[in-house]
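Architecture and fold: a report
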Amino acid sequence: MILLLALLSVLCGEPGLCLEEDGGFTFNGDIRQFAVTSNTLYVATKERLYQLSHGLSLINSLTQRGILKTGNQQDDVQFYRVSEAAEWNATFSINVLLPFTKNDSLISCGVTDDDCGYCEILDLKNISNLLYREHFQVGPLKNSSRSVSFLVDVKKKSQTDAYILTAIQQNKEQPENNKCGINQQAVNLQNTDNKQGGGIFSVTDGASGEPGIKSKGDVEFVDGFQISSTIYLFSNVLSARTNRVRLIWLEGDKSKTDTLRSLRGATLSVSNGERSRLVASSVIPGEQPVLWSGVFGIDGGDTDTELMVFDISPDYSTNTDRDPDFYTSAPTEATPKILKPKAVLFRHSSMTSVLAVRQRGWMVFFIGTGDGQLIKLSVDRNYHAGCPMVLYRTSDDRKVFPKLHLDPVDQKHVYVPFSNQIKRVPVSKCSTYTNLQECWSAQDPYCVWCSSKRSCTFEDDCTDSDWLSIPDESQHKMISHRVEKDTTGQISLKVHTHLTVGEEVSSRFACQFAARSGSICVSNSPPPQFPHCTCILSDRTLPADGLDVTVKFRLGTSPLSQRLRLNDCSNIRGAPSFVLCQECIKAGCGWNKNSCSWANQGKTDSLQRFGVWEEIWAGDLLHHSQCGVFLWE
């Protein structure tokens, strides 16, 4: 037994703390705060602070237990850590945890057992090195998932200053009892350096005093971040009967006071109006416009949830500091701008967190749930979502923490925090697909078929450019075709490959058309140009029972072929119906004015969202025709 305990001690480092074989790390208490830098994780529980490698190996851990000692002055109380075996009378509970990479420091702030604010500046590379400490309130006095904090840059004439932005939950009926600190407002900017006016952590701004943004009523803050000079802050504004989801824009410019007074606001409008509540959020990487994703509780809670996308590009046309819910000087009755969603992507019970990333032309969303699932949802640039995939599921239905992070080193894993545990989950399972068709059909933007390895892999794991993957738009067939007939009666077969390929593949792209009788194309058919091939048929008529054609493609070293049956489009007849329409489209023809015709006669539209997976020359199909009604149903 003694030998077994000794072995466990070596493997785990300390009781209740263990690196797991399946890519996880278990802590000795519930996670309170969680932050990630370029190669390190920092995790705070109630009684310890951890420093982990990006692979979740333990680098260092600090006890948060200690003693409070009074200095030379009666109000000069300092917190001192003690060893595990020593007596202790206080715990430093961290409510704010911010890696300050420019200064190689870690800012940790919270409260000690005297209910006073306390902050430490630690060495970012070795949290055992204490660089500075002070009893000062930064952020909420209570651990709250409804307060947020992050670092922001404010540009001045000759320099850029970094500040801590804290947005603190406001409950007018139960205000925080701050007996030994400053009375913080809803939104504050605090110094990060002693060289800044007022000293480190100060909220003062010279002659402007102590600027801050106040709230008119109760507020829960959900998320915040900065892009260029614009600061974005999301909240739920609560009242007895309603809830409004609000967005604040601030311009990081000139000074703390000017930044806070630059506030402009918008209301996010969703289907259930004033009962909806923002649960979690993630900005979508990319250029203009600024796209953002939010998980909304449609029933006012966390059970009936929807994932939506909004354009949150700032609107600088409205007056500053005139908002019905937030103000620096006096509240107003101004009507804020209304933002409506660009798309509702996903509905699922009890979504608790979301992380959005870009992978080529796709948006990929990693979604945590209240019953311990990590779900991946791939969405193309037209907001068409693929099938959701469960990447991970806990055995005990533990809720996923509100924040997810991408491993910044390899960008192939997501850190998924639960109550007392973090899992490092792969973003894809490419290797489970055993052939080109399976790899493509997975519709996973992370996966490519690597011809040299003859396996489905991540793109950067394929050592050359001989690879194939899905296109930037959602497709349900790798190869589609259409049959056209021009005014002279000449019939053309046009084939489209729905693929993204490496440079080597596109430069060597070729096609070959053949039937049982041999070649079917005239010699002056257009040359292939990826992703298209065209065959002008040598015969101007098609057999009554159709013509079987095999198309072979040269795509690098990966062989690919497709068998097609060509029919005379004008012979596909019958009463207009969904079945007839589908038969027409599958034959590569077009549906026009309630009948089947050649594909170049009529207008084109993509009906993928209706369950028909070919490009179709639609005409009036979407509006009034009987076939259009069937498709909508």
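From a predicted model like this one, the values you see are computed outputs, not experimental measurements.

What about the overall build of the chain?
Looking only at helices and strands, one finds six helices and 48 strands in the chain. The buried share of the chain, reckoned over its 633 residues, is 52%. Counting only carbon and sulfur atoms, one obtains 47% of the accessible surface of the chain, whose full area is about 29,000 Å².

Describing the state of the cysteines
Scanning the model with the defined rule gives eight disulfides in all. Each disulfide pairs two cysteine sulfurs, and for Cys109 the partner residue is Cys119, the sulfurs being separated by 2.1 Å. Disulfide Cys109-Cys119: the torsion about the S-S bond is 120°, which places it as right-handed. With Cys109 in strand β11 (residues 105-111) and Cys119 in strand β12 (residues 117-123), this residue pair connects regions lying ten residues apart in the sequence. Cys119 carries the same exposure label as Cys109, and that label is buried. Covalently, Cys584 is tied to Cys596 through a disulfide, its sulfur atoms 2.2 Å apart. Taking the torsion about the S-S bond as the criterion, the Cys584 to Cys596 disulfide, at about 85°, is right-handed. With Cys584 in helix α5 (residues 578-586) and Cys596 in strand β46 (residues 595-597), this residue pair connects regions lying twelve residues apart in the sequence.

Focus: the nonpolar core
A general trend in soluble globular proteins is that nonpolar side chains are found buried together. Formed by 47 residues in total, the largest nonpolar core has its most connected members in Leu493, Val495, Phe513, Val549, Phe553, Leu555 and Leu566. Contributions of two or more residues to this core are made by α3 (436-441), β35 (447-450), β38 (479-485), β39 (491-497), β42 (532-536), β43 (547-555), β44 (558-566) and α5. If one sorts the elements of this core by residue count, β43 sits on top with five residues. Every residue in contact with Val495, bar those within four places of it in the chain, is listed here: Ile479, Ser480, His481, Phe513, Pro531, His532, Cys533, Val551, Phe553 and Leu564. Counting 21 residues, the second largest nonpolar core, distinct from the first, contains Val152, Tyr163, Ile231 and Ile248.

Considerations on the sheet that holds strand β26 (residues 337-339)
Strand order in the open sheet formed by five strands is β18-β19-β20-β21-β26, and the pairing between neighbours is mixed. The outermost strands of the open sheet, each flanked by one partner alone, are β18 (218-227) and β26. Neighbour-to-neighbour, the strand axes of this sheet turn through a mean angle of 30°, independent of strand direction. Note that strand β20 (residues 243-251) and strand β21 (residues 264-268) share five bridges and pair antiparallel. Along β21, the bridge assignment pairs Arg246 with Thr267.

A look at the pairing of β38
When you tally the buried positions in β38, you get five out of seven residues, the bulk of the element. The pairing of β38 with β39 spans seven bridges and is classified as antiparallel. Looking at β39, one finds that Ile479 is bridged to Thr497. Taking the residues that link successive antiparallel strands as the turn, the β38-β39 hairpin has five residues, and the phi of Gly489 there is positive, at about 90°.

Concerning the sheet that holds strand β6 (residues 58-63)
Overall, antiparallel pairing links the four strands, which are arranged β3-β4-β5-β6 in an open sheet. Edge positions in the sheet fall to β3 (31-36) and β6, since each has one partner strand and no second. In this sheet, adjacent strand axes meet at a mean angle of 15° when their direction is disregarded. Direction of pairing for β3 relative to strand β4 (residues 40-45): antiparallel, over a ladder of five bridges. Bridge pairing in β4 links Ile31 to Thr45.

Overview of the side chain of Ser61
Inspection of the secondary structure puts Ser61 in strand β6. Among the residues examined, Ser61 registers a relative accessible area of 17% and is labelled buried. Within the structure, Ser61 has its side chain in polar contact with the side chain of Arg48 (distance 2.9 Å).

A closer look at the packing of aromatic side chains
A full pass over the atoms with the stated rule returns 18 aromatic pairs. Ring geometry for Tyr446 and Phe458: centres 6.2 Å apart, planes at 75°, overall edge-to-face. Of this pair, Tyr446 sits in the loop between α3 and β35 while Phe458 sits in strand β36 (residues 455-458); the two residues are twelve residues apart in sequence, bridging distant segments of the chain. In terms of burial, Tyr446 and Phe458 fall into one category: buried. For Lys69, the ring lying beneath its charged end belongs to Tyr80, and the centroid distance is 5.1 Å.

Some thoughts on the environment of His135
Counting through the fold element by element, His135 comes out in the loop between β13 (130-134) and β14 (148-155). You can call His135 partly exposed: its relative accessible area is 23%. With 58 residues separating them in the primary sequence, His135 and Val77 have C-alpha atoms 7.4 Å apart. Not counting residues up to four positions away in its chain, the partners in contact with His135 are Leu68, Val77, Gln78, Phe79, Thr112, Asp114, Cys116, Gly117 and Tyr118. Side-chain polar atoms of His135 contact the backbone oxygen of Gly117, separated by 3.1 Å.

Focus: the side chain of Asp325
With respect to the secondary-structure elements, Asp325 resides in the loop between β24 (304-311) and β25 (326-327). For Asp325, the contacting residues outside a window of four places in its chain are Lys214, Ser215, Lys216, Val237, Arg244 and Arg246.

Examining the pattern of salt bridges
Taken as a whole, this structure holds 27 salt bridges when the rule is applied. Arg246 is the partner of Asp323 in a salt bridge, and the nearest nitrogen-oxygen pair spans 2.6 Å. Here Arg246 lies in strand β20 and Asp323 lies in the loop between β24 and β25, a separation of 77 residues in the sequence. With relative accessibility at 1%, the residue Asp323 sits in the buried group. Using a relative accessible area of 0% as the deciding quantity, one classes Arg246 as buried. Where Asp407 meets Arg424, a salt bridge forms, and the shortest distance between an N and an O atom there is 2.9 Å. A residue pair is termed long-range when its members are at least 10 positions apart, and Asp407 in the loop between β32 (405-406) and β33 (413-417) and Arg424 in strand β34 (residues 421-426) qualify at 17 residues. Residues joined by salt bridges that share partners form a network here, namely Arg244, Arg246, Asp323 and Asp325.

Let's talk about unusual backbone geometry
Of the consecutive residues Gln288 and Pro289, the connecting peptide bond is found in the cis state with omega at -5°. Relative to the helices and strands, Pro289 resides in the loop between β22 (277-284) and β23 (291-297). Along the chain, Phe530 connects to Pro531 via a cis peptide bond; the corresponding omega equals 10°. Positive phi values are uncommon outside glycine, yet Lys254 reaches one of about 75°. Within the secondary structure layout, Lys254 lies in the loop between β20 and α2 (256-261).

Conventions used here
- Residues numbered from 1 in each chain as written.
- Predicted model: local features only at pLDDT ≥ 70, side-chain atom pairs only at ≥ 80, totals over all residues.
- Heavy atoms only, no water.
- Helix = DSSP H or I, 4+ residues; strand = E, 2+ residues; numbered from the N terminus.
- Buried < 20%, exposed > 50% of the residue type's maximum accessible area, 1.4 Å probe, protein only.
- Areas by Shrake-Rupley, 256 points an atom, 1.4 Å probe, with all protein chains shown as cover.
- Disulfide = S-S within 2.5 Å.
- Core = buried A, V, L, I, M, F, W, Y, C linked by side-chain atoms within 4.5 Å.
- Contact = heavy atoms within 4.5 Å.
- Pairing = 2+ DSSP bridges.
- Axes fitted to C-alpha atoms, helices over the stretch in contact; angles between N-to-C directions.
- Polar contact = N/O pair within 3.5 Å; in protein donor to acceptor, adjacent residues only side chain to side chain.
- Phe/Tyr/Trp six-rings, centres within 6.5 Å; stacked < 30°, edge-to-face > 60°.
- Lys NZ or Arg CZ within 6 Å of the ring centre and 35° of its normal.
- Salt bridge = Lys/Arg side-chain N within 4 Å of Asp/Glu carboxyl O.

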